[in-house]
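Architecture and fold: a report
Each chain, letter by letter, is given below.
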Amino acid sequence: MGRWKLAVLAACLACSPALADQSSAIQAVKGQPKVLDAQVDNSGNMYVFVKPEKIAWGQYAAGLCGVVKPHQGRIFRMRIIAVTQANYSKPPASWDRLAEADCSR
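Presented here is an overview of the structure given in this document.

Reading the values: the criteria
- Residues numbered from 1 in each chain as written.
- Predicted model: local features only at pLDDT ≥ 70, side-chain atom pairs only at ≥ 80, totals over all residues.
- Heavy atoms only, no water.
- Core = buried A, V, L, I, M, F, W, Y, C linked by side-chain atoms within 4.5 Å.
- Buried < 20%, exposed > 50% of the residue type's maximum accessible area, 1.4 Å probe, protein only.
- Helix = DSSP H or I, 4+ residues; strand = E, 2+ residues; numbered from the N terminus.
- Contact = heavy atoms within 4.5 Å.

**Thoughts on the nonpolar core**
Counting 20 residues, the largest nonpolar core has Val29, Met46, Val48, Leu64, Val68, Met78 and Ile80 as its most contacted members. Elements that contribute at least two residues to this core include exactly α1 (3-30), β1 (35-40), β2 (45-50), α2 (57-68), β3 (77-82) and β4 (99-102). Excluding residues within four positions of it along the chain, Ile80 makes contact with Val48, Val50, Trp57, Tyr60, Ala61, Leu64, Arg97, Leu98 and Ala99. Counting five residues, the second largest nonpolar core, distinct from the first, contains Tyr47, Phe49, Ile81 and Trp95.

Below, the structure written as structure tokens:
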């Protein structure tokens, strides 16, 4: 096998774990109570879609940080979004949030 093929293979293997870890983190969050859906952007923000209820969403977001931490998926911020506020025609960063937590600690 040529050196360039080995270099390409090594680069692909180096990128794979981060994506796999992020994928497993998303699945772990989707399995939590009250979560309808979740997605991650390229900046390490996880958007978690929930029904708008009156609970302590800030504490819930911080708890979800604990759920994703073992997956090492490079998720830095947890953003809780009411499913009724997700406007897919706008960028996710502009969506109104119920809560947000810093997962980088």
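**So, the environment of Ala62**
Structurally, Ala62 is set in helix α2. Since its relative accessible area comes to 44%, Ala62 is described here as partly exposed. Sequence separation between Ala62 and Asp102 is 40 residues, and the spatial gap between their C-alpha atoms is 7.4 Å.

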